[in-house]
Amino acid sequence: MTSIPFTPQLDVHPDVTAFFDAPTNTISYVVKDPDSNACAVIDSVMDIDYAAGRITYDGADKIIAYIEAHKLKLEWLIETHVHADHLSAAPYIQGKLGGKLGIGENIRIVQETFGKVFNEGTEFARDGSQFDRLFTDGDSYKIGGLTAYVMHTPGHTPACMTHVVGDAAFVGDTLFMPDGGSARADFPGGDARTLYGSIQRVLALPGTTRLFMCHDYGPNGRDIAWETTVADELEHNIHVGKGADEDSFVAMREARDATLDMPRLIIPSLQVNMRAGQLPPKDGDGKTFLKVPVNGL
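As a starting point, this report considers the structure included with it. (Residues numbered from 1 in each chain as written. Predicted model: local features only at pLDDT ≥ 70, side-chain atom pairs only at ≥ 80, totals over all residues. Heavy atoms only, no water.)

1. Examining the packing of aromatic side chains
How we decide: By convention, a stacked pair of Phe, Tyr or Trp rings (six-membered ring in the case of Trp) has centres within 6.5 Å and planes under 30 degrees apart, an edge-to-face pair has planes over 60 apart, and any other such pair is tilted. Here a helix means four or more residues in a row that DSSP labels H or I, a strand means two or more in a row labelled E, and each is numbered from the N terminus. Summary of the burial criterion: residues with accessible area below 20% of their type's maximum are buried, those above 50% are exposed, and those between are partly exposed, where the area comes from a 1.4 Å probe applied to protein chains only. Here, over-ring charges are defined by two tests on the NZ atom of lysine or the CZ atom of arginine: distance to the ring centre within 6 Å, and angle to the ring normal within 35 degrees.
In the structure shown here, the tally under the stated rule is twelve aromatic pairs. When the centroid spacing of 3.9 Å and the interplanar angle of 10° are considered together, the rings of Y57 and Y92 count as stacked. On the criterion of sequence distance, the pair formed by Y57 in the loop between β5 (54-56) and α1 (58-69) and Y92 in helix α2 (residues 90-97) is long-range, its members being 35 residues apart. Note on Y92: relative accessible area 21%, which makes it partly exposed. Feature note: the residues Y29, F170 and F212 constitute an aromatic cluster, connected by ring pairs. Sitting over the face of the ring of F124, R275 holds its NZ or CZ atom 5.1 Å from the ring centroid.

2. Thoughts on the environment of L97
What counts, and what does not: By definition in these notes, contact holds between two residues if any of their heavy atoms fall within 4.5 Å.
One can find L97 in helix α2. Among the residues examined, L97 registers a relative accessible area of 24% and is labelled partly exposed. For the pair L97 and C214, spaced 117 residues apart in sequence, the C-alpha separation works out to 22 Å. Ignoring sequence-local partners within four residues, the contact set of L97 consists of I64, I67, E68 and L74.

3. Let's talk about unusual backbone geometry
Positive phi is not limited to glycine here, since N220 has a value of about 60°. The residue N220 is located in the loop between β13 (210-212) and β14 (227-229) in this model. N220 sits in the exposed class, given a relative accessible area of 84%. Even without being a glycine, K242 presents a positive backbone phi close to 55°. By secondary structure assignment, the location of K242 is in the loop between α5 (230-236) and α6 (246-257). Given a relative accessible area of 64%, K242 falls into the exposed group.

4. Comments concerning α1
Going by this rule: One fewer than the residue count of a helix, multiplied by 1.5 Å, yields its expected span. Relevant arc is that of directions from the helix axis to the C-beta atoms, nothing else.
Its twelve residues place the ends of α1 16 Å apart at the C-alpha level, agreeing with the 16 Å of an ideal helix rising 1.5 Å per residue. The complete set of buried residues in α1 reads A60, I63, I64 and I67. End-on view of α1: buried residues confined to an arc of 100°, all on one side of the axis. For α1, the exposed residues set more than 90 degrees away from the buried face come down to D58, K62 and A69. In the core, the buried residues of α1 are packed alongside β1 (15-21), β2 (26-32), β3 (38-42), β6 (73-78) and α2. Residue K71 follows α1 closely and has a positive phi angle near 55°.

5. Comments concerning the pairing of β1
Cut-off, in case you're wondering: Criterion used throughout: strands pair if DSSP finds at least two bridges between them.
As paired strands, β1 and β2 are joined by seven bridges and run antiparallel to one another. Its bridge partner lying in β2, D15 is registered against K32. Between β1 and β2, which pair antiparallel and follow one another directly, the connecting turn spans four residues, one of which, N25, has a positive phi of 55°.

Rendered as structure tokens:
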């Protein structure tokens, strides 16, 4: 399915400010309506020292400081998907600045899958109710006077959504920079063939559409980068550029995924992110614990 469920607005140019988190190679964004002080935060990061079991918010505090310094009004906190490589800081930022927290409606599939993996029991709601808004394909929402549109782009995970705001599209892990290719598709609920279709949907946007990545790893030692265009991806992406066919992509992706280790932070990330960035509930002594499922992933 390559159809785009809305009309792209290339004459609208939101202001986009990036925040790079080096420990997880994640890029978070503040997206501002150029005609008002309204903004959204996309894919924020909560810091964790996994070995020490210590949570901090240095990266989130930088985003908060930026919003406050520019006297912006935070209206949305967007998760492009349930991340397996970093923990979301959305509820922390929301507690400081307000705004609504949104994710794709298939969060419910992810919650059902990993609720079982982590043996969460019946007290863990699997209906997406931890979020303020569950987006469906073709949905829209407002950032001040800007209209943001949502496209379902699964394959990396079932809940992946691309958010298109004017001439800017935030693709999550559906695509990487041209020399980075594409994201893995071997997590539970992922599928390489589905991912190919989702990538084609993103690449059906107008060629001048700005694409913003959720991750970059600086292949071959180049500087970290996070912005490209549809036209550049079509021409140069090492996995899907120059008309790469579906069967070849699937074969490449499945072979490549079979060699990859699990992300370093997958165990804490999934437990936190399927809860909309909240830590698991405290026990009777007021302590918080994360579980490690033995041979569960």
